[in-house]
Amino acid sequence: MPHILVAGKLHPAGVECLKAGKDVSFKLIDEISLDSYLPDLPGADALILRTQPLTAAAIASAPHLKIVSRHGVGYDAVDIQSLTSRRIPLCIVGDVNSRSVAEHTLTLLLAVARRAVPHDRAVRQGEWTVRNRFETVELDGRALLILGFGRIGRRVAELAKAFGMHVSAHDPFVAADAMILQGVTPVTDLRSALGAADYVTLHMPGSSAGALIGKPELAAMKPGAILVNAARGGLVDEGALDEALRSGRLRGAGLDVLLSEPPPSDHPLLSNDRVLLSPHSAGLTAECAARMAIASVQNVLDHFAGKLDPALVVNAKDIDYRG
């Protein structure tokens, strides 16, 4: 009987899916940390993982491990080479969170542009005249640059166009024709595109190569621009962003992800009034949490039943995975 370890709190819909699984046992660990699930990993045949790391050492401690299922689509914190060396499939949930993340991206864009949180605070403190500073800006008629034109980026483009924005996109892995079909202008020169955009949103995977938006890219951005990252921590140089915001060069930023999560209490962005932060929650609507929980559990059940879709296995080609 395969034993499934769930590392991180799972929506009740996913728990019910586990209970309905035939000939499997499972253990739930609500805390999201490596240390919390590591002691139970040696006895696990399958691991359902939230956002915490899965290191080479952790994988080595799990002699019975046969599959890892991510409760999401990213896998930056997973040592995929160690899994591949043991022919262990790493699967993701597919397209269950693009709607939620795209909506959150627009939420951050609007909230930063309209100074929603600082204005709420000002009203509560009796500073009604904050309205006379004319410090908010609109989305209508402004230029949005989308970095990464996958499922989330495409959905952001649809929503942004509904707000009257002029949308362009940069993604070296997506054909220009695909962008044009959606009414989006493809751009290849990132630096010049940054200089023309009023708003920039990120929808790309993390990279070991370092920040995509570092000090040079921030300097290339249009003065008064707004940056939103609801993709991966580390895509933006947080120190350089803090400087660009405090100097007034950029109008604001909205971040759902940070390099270190949760951030240390002395992180400079925590005291920066020009940045709006959320706790990596873009894909955690009630609806999306249920979809991700069910999908991540079903992937494991399907694997043991011999019917997991190889398209959901990140390292399928490397391990010749055929479901």
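Residues numbered from 1 in each chain as written. Predicted model: local features only at pLDDT ≥ 70, side-chain atom pairs only at ≥ 80, totals over all residues. Heavy atoms only, no water.

K.L.:
Can you walk me through the packing of helix α1 (residues 12–20) against helix α12 (residues 286–304) in this structure?
P.N.:
Packed helix pairs are characterised by how far apart their axes lie and by the angle those axes make with each other. With their axes 7 Å apart at the nearest point, α1 and α12 run at an angle of 25° to one another. Considered as vectors, α1 and α12 are oriented roughly parallel to each other. The crossing of α1 and α12 is right-handed. Of the residues in α12, those touching α1 at Ala13, Gly14, Cys17 and Leu18 are Ala290, Ala293, Ile294, Val297, Gln298 and Leu301. For the contact of α1 with α12, the class distribution of residues is eight nonpolar, two polar and no charged. (Axes fitted to C-alpha atoms, helices over the stretch in contact; angles between N-to-C directions. Helix = DSSP H or I, 4+ residues; strand = E, 2+ residues; numbered from the N terminus. Parallel < 35°, antiparallel > 145°, perpendicular 65-115°, else oblique. Left-handed = near helix turned anticlockwise from the far one by under 90°. Contact = heavy atoms within 4.5 Å. Nonpolar A, V, L, I, M, F, W, Y, C, P; charged D, E, K, R; others polar.)

K.L.:
Just checking my understanding: could you explain the sheet that holds strand β4 (residues 67–70) for this structure?
P.N.:
Pairing in this open sheet of five strands is parallel, and the strands run β2-β1-β3-β4-β5 from one edge to the other. Edge positions in the open sheet fall to β2 (25–29) and β5 (90–91), since each of these has one partner strand only. Each of β1 (3–7) and β2 is contacted by α1, which is oriented at about 160° to β2, the strand it contacts most. Along the sheet, α12 contacts β1, β3 (46–49), β4 and β5; its crossing angle with β4, the most-contacted strand, is approximately 155°. (Pairing = 2+ DSSP bridges.)

K.L.:
I keep staring at helix α5 (residues 98–113) and nothing clicks. Help me out?
P.N.:
Given 3.6 residues to a turn, an α-helix orients residues that are three or four positions apart in the same direction. With 16 residues, α5 should cover 22 Å at 1.5 Å per step; its first-to-last C-alpha distance of 22 Å lies within 8% of that length. Among all positions in α5, only Ser98, Ser100, Val101, Ala102, His104, Thr105, Leu106, Leu108, Leu109, Ala111, Val112 and Ala113 are buried. One or two residues past the end of α5 sits Arg115, with phi positive at roughly 55°. (Expected span 1.5 Å × (residues − 1). Buried < 20%, exposed > 50% of the residue type's maximum accessible area, 1.4 Å probe, protein only.)

K.L.:
In this structure, what is going on with the side chain of Thr201? I would like to understand it.
P.N.:
Here Thr201 shows up in strand β9 (residues 199–202). With relative accessibility at 0%, the residue Thr201 sits in the buried group. There is a polar contact of 2.9 Å between the side chain of Thr201 and the side chain of His203. Ignoring sequence-local partners within four residues, the contact set of Thr201 consists of Thr105, Leu109, Leu144, Leu145, Ile146, Leu147, Val156 and Val228. (Polar contact = N/O pair within 3.5 Å; in protein donor to acceptor, adjacent residues only side chain to side chain.)

K.L.:
What's the story with the state of the cysteines in this structure? I'm lost.
P.N.:
Disulfide: a covalent bond connecting the sulfur atoms of a pair of cysteines. Considering all chains together, one arrives at zero disulfides under this definition. Unpaired in terms of disulfides, Cys17 finds its nearest cysteine sulfur in Cys91, a separation of 13 Å. Residue Cys91 is classed as buried on the basis of its relative accessible area, which comes to 0%. (Disulfide = S-S within 2.5 Å.)

K.L.:
Would you explain unusual backbone geometry in this entry?
P.N.:
In terms of backbone geometry, most residues other than glycine have negative phi values and most peptide bonds are trans. A cis amide bond, omega -5°, links Glu261 with the succeeding residue Pro262. Looking at where Pro262 falls in the secondary structure, it is placed in the loop between β11 (252–255) and β12 (275–277). With a phi angle near 60°, Asp23 is a residue other than glycine that sits in the positive phi range. Position of Asp23 among the secondary structure elements: in the loop between α1 and β2. Positioned with a positive phi, Arg115 is a non-glycine residue whose angle comes to about 55°. The residue Arg115 is located in the loop between α5 and α6 (116–124) in this model.

K.L.:
Quick question: what am I supposed to make of the pairing of β11 here?
P.N.:
Consecutive residues of a regular strand have side chains that alternate between opposite faces of the sheet. Here β11 shows a buried face lined by Gly252 and Gly254 and a second buried face lined by Ala253 and Leu255. Once the chain exits strand β10 (residues 226–229) it traverses helix α11 (residues 238–246) before rejoining the sheet at β11, and the crossover so formed is right-handed. With three bridges connecting them, β11 and β12 associate as parallel partners. The partner of Ala253 across the bridge, within β12, is Val275. (Right-handed = clockwise from strand over helix to strand, strands pointing away.)

K.L.:
Explanation requested: the pattern of salt bridges in the structure shown.
P.N.:
The tally for this structure, following the rule as stated, stands at 15 salt bridges. Residues Lys66 and Asp45 are paired through a salt bridge, measuring 2.7 Å at the closest nitrogen-oxygen approach. Of this pair, Lys66 sits in the loop between α3 (56–60) and β4 while Asp45 sits in the loop between α2 (34–37) and β3; the two residues are 21 residues apart in sequence, bridging distant segments of the chain. Asp45 sits in the buried class, given a relative accessible area of 12%. In this structure, Arg232 engages Asp76 in a salt bridge whose closest nitrogen and oxygen atoms are separated by 3.1 Å. On the criterion of sequence distance, the pair formed by Arg232 in the loop between β10 and α11 and Asp76 in the loop between β4 and α4 (80–85) is long-range, its members being 156 residues apart. By sharing partners, the salt bridges in this structure join Arg115, Arg121, Glu135 and Asp273 into a single network. (Salt bridge = Lys/Arg side-chain N within 4 Å of Asp/Glu carboxyl O.)

K.L.:
Can you help me understand the sheet that holds strand β8 (residues 185–186) in this one?
P.N.:
Consider a sheet: its strands pair through backbone hydrogen bonds, and that pairing is either parallel or antiparallel. The strand order β8-β7-β6-β9-β10-β11-β12 describes an open sheet built from seven strands, whose pairing is parallel. Whereas interior strands pair on both sides, the edge strands pair on one side only; in this sheet they are β8 and β12. As judged from the four bridges shared by strand β6 (residues 143–147) and β9, these two strands associate in the parallel manner. For Ile146, the partnering residue across the bridge sits in β9 and is Thr201.

K.L.:
Just checking my understanding: could you explain the nonpolar core for this structure?
P.N.:
Most often, soluble globular proteins keep nonpolar side chains buried together rather than apart. Core analysis: the biggest nonpolar cluster contains 27 residues, and Val200, Leu227 and Leu241 have the highest contact counts within it. Sorting the residues of this core by element identifies β6, α9 (190–196), β9, α11 and β11 as the ones contributing at least two each. The dominant element in this core, judged by the number of residues it contributes, is α11, at four residues. Core analysis: the next-biggest nonpolar cluster, separate from the first, contains 25 residues, Leu106, Ala111, Val167 and Ala169 among them. (Core = buried A, V, L, I, M, F, W, Y, C linked by side-chain atoms within 4.5 Å.)

Geometric values such as these leave the question of function open.
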